[in-house]
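What follows is each chain in one-letter form.
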Amino acid sequence: MADILYLVVPCYNEEEALPISAEKLIEKLGTLISDGKVSPDSRIVLVDDGSRDKTWQLIEAFCGRENSLFCGVKLSRNRGHQNALMAGLDYARKHCDMAVSLDADLQDDIDAIDGFVEKYYEGCDIVYGVRSSRATDTAFKRGTAGAFYKLMTAMGADIVDNHADYRLMSRRALDSLFDFGEVNLFLRGIVPQIGYPTAKVYYERHERVAGDSKYPLKKMLAFAFEGITSFSVRPIKMVWGAGAFIAGLAAAAMLVLAILLIWLEISGLWFVALTVLFALGINLVAIGVVGEYIGKIYMETKHRPRFIVEKTLPQNKN
Ligand code: UDP
Ligand code: MG
């Protein structure tokens with residue numbers, strides 16, 4: 001008997017993409033089931049992340065079909081992609097042997113799922129989908145994403161290059177994921193910390209099937225910052241290093257100035273004023289960075305729930 005696969009799809013204002021992508025996902029899962037690769041108990045979990053459009057009504061309609069392969073999870077409000085994904089995975093892990101997370105816009109090639117499942121049967125607990133090319137992304141997105149991966153690695157976070165959140169996880173890997181208690185979520189950084197046998201599957205990234213990106217630059221920058229500060233204390237060390245360097249430089253400059261003043265008539269005031277301003281700026285940066293970490297500690301100590309599930313479909317299953 002084949003194992004149960006759950007596809008977990010976070011959806012935020014996806015009324016345009018969902019009708020297209022849901023059909024494609026059903027077709028994919030249907031083929032996997034009829035080929036005997038996964039169990040007929042496999043399902044597609046659509047998580048509505050507090051959408052303001054008709055996304056939930058669509059999900060209800062999909063779940064209401066005869067012999068529907070869909071399940072729905074409705075969050076009480078918009079909590080962001082990572083939290084919505086966690087809500088879906090939490091639901092899935094109670095029913096599945098393996099779960100694949102993917103976006104509602106099907107930018108990630110769903111034919112790669114066959115490869116994921118194959119690796120799972122070979123004994124891998126985590127299979128990362130890795131983009132072999134970013135040809136369909138805008139030059140801006142490519143550039144910023146490239147810089148992000150480089151920055152993350154330089155900052156000491158252990159992340160898989162060119163991997164977003166398209167991956168398969170076995171139930172035991174999922175259970176381990178939920179042992180991580182942090183509220184500030186950056187899954188790409190957490191998943192490699194889990195361990196277990198892993199593999200990579202390469203695929204081409206497509207255009208969105210419909211609708212616009214729900215990740216504008218502002219959200220992307222916040223996400224990158226979240227990633228760095230969640231996994232590395234290197235920024236604090238860098239500020240410390242920069243502070244020491246600047247203090248040393250200022251001390252040396254003052255010494256030179258003192259010596260020059262013996263022979264020349266320069267007003268030392270200018271230099272002093274500049275040094276003070278410079279030091280003030282550096283101080284503010286340092287306080288800001290430290291404050292960021294303190295803010296994180298504050299949020300973590302609250303132990304707020306990551307998400308609140310409002311309802312699930314079908315109703316007799318939770
Ligand atoms: N998404 C979500 N909550 C949000 C923003 C996005 O659940 O607050 C979902 C969205 O519906 C999609 C996935 O996260 O399924 C990725 O978003 P998108 O495709 O807009 O991001 P991009 O590919 O442009 O980075
Ligand atoms: Mg997308």
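Enquirer: Is there a simple way to think about the coordination of the magnesium ion (ligand 2) in this case?
Expert: Coordination angles at a metal have ideal targets, namely 109.5 degrees for four tetrahedral donors and 90 or 180 degrees for six octahedral donors. In the first shell of the magnesium ion (ligand 2), the protein supplies D105 (OD) and Q107 (OE1), at 1.9 to 2.0 Å from the metal. In this structure, D105 and Q107 share a single accessibility class: buried.

Enquirer: What should I look at first to understand the nonpolar core in this one?
Expert: As a rule of thumb, nonpolar side chains are buried together in soluble globular proteins. Formed by 38 residues in total, the largest nonpolar core has its most connected members in L5, L46, V100, L102 and I113. Put simply, the parts of the chain that give this core at least two residues each are β1 (5-11), α1 (18-34), β2 (43-48), α2 (55-64), β4 (98-101), α4 (112-121) and β7 (198-204). Looking at this core, the element that brings in the most residues is α1, giving six residues. Contact partners of L102, with chain neighbours within four places excluded, come to L7, V8, V9, P10, L25, I110 and Y166.

Enquirer: Before we go on, may I ask you to explain the site of ligand 1 in this structure?
Expert: By nearness alone, 20 residues border ligand 1, and E14, D49, D105, S213 and K214 come closest of all. At 2.6 Å, a side-chain N or O of D49 approaches a nitrogen atom of ligand 1. N78 places a side-chain nitrogen or oxygen 3.1 Å from an oxygen atom of ligand 1. Of all elements in the fold, only β1 and α3 (81-92) reach the threshold of two or more residues within the shell around ligand 1.

Enquirer: Honestly, unusual backbone geometry in this entry has me stumped. Any pointers?
Expert: Glycine aside, residues mostly have negative phi, and peptide bonds are mostly found in the trans state. Of note, the amide linkage connecting L313 to P314 takes the cis form, showing an omega dihedral of -10°. With respect to the helices, strands and loops of the structure, P314 is situated in the segment after β8 (309-313). Positive phi, normally seen in glycine, also occurs at L106, with a value near 50°. Here L106 falls in the buried class, since its relative accessible area comes to 6%. At Y196, a residue that is not glycine, the phi angle is positive and equals roughly 65°.

Enquirer: Please clarify how the environment of F178 should be interpreted in this entry.
Expert: Among the secondary structure elements, F178 is positioned in the loop between α6 (171-177) and α7 (187-194). Between the C-alpha atoms of F178 and N83, which are 95 residues apart in sequence, the distance is 12 Å.

Enquirer: I keep staring at the side chain of S101 and nothing clicks. Help me out?
Expert: With respect to the secondary-structure elements, S101 resides in strand β4. From its side chain, S101 meets the backbone oxygen of D165 in a polar contact 2.7 Å long. Residues within four places of S101 in sequence aside, it is in contact with V8, L85, D165, Y166 and R167.

Enquirer: Please clarify how the pairing of β2 should be interpreted in this entry.
Expert: Two faces make up the sheet, and in a regular strand the side chains alternate between them. Burial runs high along β2: six of the six residues are buried. Here β2 shows a buried face lined by R43, V45 and V47 and a second buried face lined by I44, L46 and D48. Across six bridges, the pairing between β1 and β2 is parallel. Looking across to β2, one finds that P10 is bridged to V47.

Enquirer: Help me understand the environment of V309 in this model?
Expert: For V309, the location among the structural elements is in strand β8. The spacing of V309 and V47 is 262 residues in sequence and 9.6 Å in space, taken between C-alpha atoms. Other than its neighbours up to four places away in sequence, V309 contacts V73, K74 and L75.

Enquirer: I keep staring at the packing of α1 against α2 and nothing clicks. Help me out?
Expert: Closest axis-to-axis distance for the α1/α2 pair is 11 Å, and the angle between their directions is 30°. The angle between α1 and α2 falls in the class roughly parallel. Here the hand of the crossing between α1 and α2 comes out right-handed. Packed against α1, whose contacting residues are L18, P19, A22 and E23, the element α2 presents T55, L58, I59 and F62 at the interface. Each residue belonging to the contact of α1 with α2 can be placed in one class, and the counts come to six nonpolar, one polar and one charged.

Calculation notes
- Residues numbered from 1 in each chain as written.
- Chains lettered and ligands numbered in written order.
- Predicted model: local features only at pLDDT ≥ 70, side-chain atom pairs only at ≥ 80, totals over all residues.
- Heavy atoms only, no water.
- Donors = N, O, S within 2.8 Å, 3.2 Å for Na, K, Ca; no water.
- Buried < 20%, exposed > 50% of the residue type's maximum accessible area, 1.4 Å probe, protein only.
- Core = buried A, V, L, I, M, F, W, Y, C linked by side-chain atoms within 4.5 Å.
- Helix = DSSP H or I, 4+ residues; strand = E, 2+ residues; numbered from the N terminus.
- Contact = heavy atoms within 4.5 Å.
- Near = heavy atom within 4 Å.
- Polar contact = N/O pair within 3.5 Å; in protein donor to acceptor, adjacent residues only side chain to side chain.
- Pairing = 2+ DSSP bridges.
- Axes fitted to C-alpha atoms, helices over the stretch in contact; angles between N-to-C directions.
- Parallel < 35°, antiparallel > 145°, perpendicular 65-115°, else oblique.
- Left-handed = near helix turned anticlockwise from the far one by under 90°.
- Nonpolar A, V, L, I, M, F, W, Y, C, P; charged D, E, K, R; others polar.

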